[in-house]
Amino acid sequence: MFKYYHFYFLISALFIISCSSQEVVGLKDKPLNYDDSLKAKDECTSHFIDGNIYEVKGDYESALKEYNEALNLMPSAGIYYSIAKINWYLDKDRQALENILKAVEIEPKNIPFNDLLAEVYTALGLRDSASSVLNKIISIDSSQINTLYKLANIYEKDKPLSAVKIYNHIIEQEGPIWEVYARLAELNEKLNNFQDALKNVEDLLLIDPSNLELQNLAASYCVKLNNYDKAINILDNILESHPNETEAREQKAQIYINQKNYKAALKEFDYFLFQDYVSFTKKLDIGLFYFRESLSDTTLRPIAKEYFEKLDKDTSAWEVKLYLGAIALNEKNEEAALSYFKYITENAEWQIEGWQNLANIYYDKGKYEDAIKIAEKGIEHFPDNYGLHFLCAISYSMIKKDIESEKHILNCLKTNPRDPAALSIYSYTLIQLKKNEDAYIYIKKALSYTPEDVNLLGSLGMVCDALEKWDECDSAYSEALIIDSLNSLINNNYAYSLSERGIDLDNALRMIKISVAADSLNSSYLDTMGWIYFKLNKYSEAMNYIEKAIEVNGGSPVLFEHLGDVYFKQGQKEKAKSMWEKSYSLDSKPYLKLKIEKGEI
């Protein structure tokens, strides 16, 4: 007990001072006589000191019990503060808040009390309240640097400009501080204040001029400011003393890429080729960048080829052969391509990633036939691979080969029958193949997984229209337009459905106007507009739009038939018959033959 003596004495003294100015009351709020008052004060002090002893030992539950006993005898700001602290230690944030508020109410200018109140507010997510208290502390004592730090930290998320202002104020008061400059640089970067961020990093470099990470960061800010000359100067200084500094060399290469100076960039990248410390993956990524760029910029093809050929001399990795083979295909050098791909099949046929990645690259670039060629070659070795079959399915779909697409998407559904993407593609393929009953089933199944997919809802509306499920057709289209009211395709399809049924034509006209406004040269939209006017008996307007549709796409069976119907209603029977004959020559529908024979609708 002796070793705590001086501590007890200090606590007791502080406690007595804290209580001396307050009226002492009993449990029933009746004034105590002098002797009772002294007794209550002594008991209160004893409980308070015991609470401090327990607190020092880490026995917070016992400390809390003693502090509460003291509080019952003589309420004071100090006791409320101590109880708040213990609740804070015990993660009882609400109880901590309740007690620290009472302490601050009694002693509103007590800095430790307000500091704890701010911490509790912060823990409870009451950031505005916390910042208000911290500002109050600063108004009481502006030298509270730790308080400034806490306030800046709170402001960083919601008021970054205020945080920047506070950190600058700290530097003005305290001088250069590494951590503050670092926070300022990060904040200014988030605010896109790259000039200020650069200044912060340059200030850090005054403290630690040889720091490579900071030098690279300074160069990156120069790039963001389009100050490429300064960035390259910084990077050259790094590389002069640290030629193997990967980040600096990559940044320099990236600057040249931004400037479309691909040969200069490749010179930097070439350095990596012959360095043992650079991983093969890094070397391959560089080549892959040039390969991807060469698909849209053919002038880069020789650079990509040169890089991979250099890399090929230093490794027997199959990945290098894969991209060299792809380059050979682009150059129409089938003999070289076959050689490279043969190497892969003989030495790395187990590597599905090569087939998938290459096929994906072609698909992303819109080279669907090349994607199919690569994916089907991969399927020969991986017949049940979902990714390769899916790539084939969507690629065939893009080039309107729906029977081939169906074959591959069915393989996908064998692997994953609940995949919304595969179900969606399959339903679309079935629609193209005029298998509307089957399409209806698969669209419904896909929608059970993605009920707000606008495209699927539009497909459901179209299929229900073909199946004459009118109520469900209207419901599907309406639901789709609730989600995307300006969707031009769905507005067109719904409007056309209504016009074919001859109902709600004013609404149909409103919808098709949305579609035409979005794409005034879409022949389908123009035809729908014309057909709605036809149904409204406005034949002159109908003729204008349908003729414009034919002018745009050269005509189709439906367009010629519609224009023939318009001519007929205008009394131009010979012209009508001529249009019907054009339509029949493209699509020999029996009812068209009857129209032609009768010479009337």
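Computed from a predicted structure; not experimentally measured. (Residues numbered from 1 in each chain as written. Predicted model: local features only at pLDDT ≥ 70, side-chain atom pairs only at ≥ 80, totals over all residues. Heavy atoms only, no water.)

### Section: helix α32 (residues 557-569)
Under the 1.5 Å per step criterion, the end-to-end length of α32 is 19 Å for 13 residues, consistent within 8% with the ideal 18 Å. Most of α32 sits inside the fold, with 10 of its 13 residues counted as buried. Listed as buried for α32 are Leu-559, Phe-560, Glu-561, His-562, Leu-563, Gly-564, Asp-565, Val-566, Tyr-567 and Phe-568. Turning to α32, the residues buried within the fold contact α28 (488-501), α30 (523-535), α31 (539-553), α33 (573-586) and α34 (590-598). Note on α32: the residue one or two positions beyond its end, Gly-571, has a positive phi of about 85°. (Helix = DSSP H or I, 4+ residues; strand = E, 2+ residues; numbered from the N terminus. Expected span 1.5 Å × (residues − 1). Buried < 20%, exposed > 50% of the residue type's maximum accessible area, 1.4 Å probe, protein only. Contact = heavy atoms within 4.5 Å.)

### A short note on the packing of helix α22 (residues 386-398) against helix α23 (residues 402-415)
Between α22 and α23, the shortest axis-to-axis distance is 8 Å and the interhelical angle comes to 150°. By the angle between their directions, the pair α22 and α23 is classed as roughly antiparallel. Once α22 is placed against α23, the crossing between them reads as left-handed. Of the residues in α23, those in contact with Tyr-386, His-389, Phe-390, Cys-392, Ala-393, Tyr-396 and Ser-397 of α22 are Glu-404, Ser-405, His-408, Ile-409, Asn-411, Cys-412 and Thr-415. Its residues placed into classes, the contact of α22 with α23 shows 7 nonpolar, 6 polar and 1 charged. (Axes fitted to C-alpha atoms, helices over the stretch in contact; angles between N-to-C directions. Parallel < 35°, antiparallel > 145°, perpendicular 65-115°, else oblique. Left-handed = near helix turned anticlockwise from the far one by under 90°. Nonpolar A, V, L, I, M, F, W, Y, C, P; charged D, E, K, R; others polar.)

### Some words on the nonpolar core
By size, the foremost hydrophobic cluster in this structure holds 184 residues, and its most contacted members are Ile-100, Phe-269, Tyr-290, Phe-291 and Phe-308. No other element matches the 8 residues that helix α18 (residues 318-330) contributes to this core. Non-local contacts of Phe-269, meaning those with residues more than four positions away in its chain, are made with Ala-253, Ile-257, Ile-286, Tyr-290 and Tyr-307. (Core = buried A, V, L, I, M, F, W, Y, C linked by side-chain atoms within 4.5 Å.)

### Side note on the packing of aromatic side chains
In total, this model carries 17 aromatic pairs according to the counting rule given. With centroids separated by 4.9 Å and ring planes inclined at 40°, the aromatic side chains of Tyr-60 and Tyr-89 adopt a geometry described as tilted. Taken together, the residues Tyr-60 in helix α3 (residues 60-73) and Tyr-89 in helix α4 (residues 77-89) connect sequence positions 29 residues apart. Taking the relative accessible area as the measure of exposure, Tyr-60 reaches 26% and is therefore partly exposed. One cation-aromatic arrangement involves Lys-321 over Tyr-343; the distance from NZ or CZ to the ring centre is 4.7 Å. Above the ring of Tyr-440, the side-chain terminus of Lys-469 is found at 4.9 Å from the ring centroid. (Phe/Tyr/Trp six-rings, centres within 6.5 Å; stacked < 30°, edge-to-face > 60°. Lys NZ or Arg CZ within 6 Å of the ring centre and 35° of its normal.)

### Things to note about the environment of Arg-510
Secondary-structure assignment places Arg-510 in helix α29 (residues 505-518). Judged by its relative accessible area of 45%, Arg-510 is partly exposed. For the pair formed by Arg-510 and Met-529, sequence separation is 19 residues and the distance between their alpha carbons is 9.8 Å.

### Description of the confidence of the model for the protein
Taken over all residues, the pLDDT of the protein has a mean of 88, while the share at 70 or more is 93%. This stretch, residues 1-30, has a pLDDT under 50; its non-local contacts, to residues over four places away or in other chains, come to 36 contacts. (pLDDT = per-residue confidence, 0-100.)

### Some details on the pattern of salt bridges
Counted under the stated rule, the structure contains 24 salt bridges. Its salt-bridge partner being Lys-85, residue Glu-55 comes within 3.2 Å of it at the nearest N-O pair. Placement of Glu-55 in helix α2 (residues 34-57) and of Lys-85 in helix α4 is noted, with a sequence separation of 30 residues between them. Here Glu-55 and Lys-85 have matching classes, each one buried. Each of Glu-156, Arg-183, Glu-186 and Lys-190 takes part in one network of salt bridges that share partners. (Salt bridge = Lys/Arg side-chain N within 4 Å of Asp/Glu carboxyl O.)

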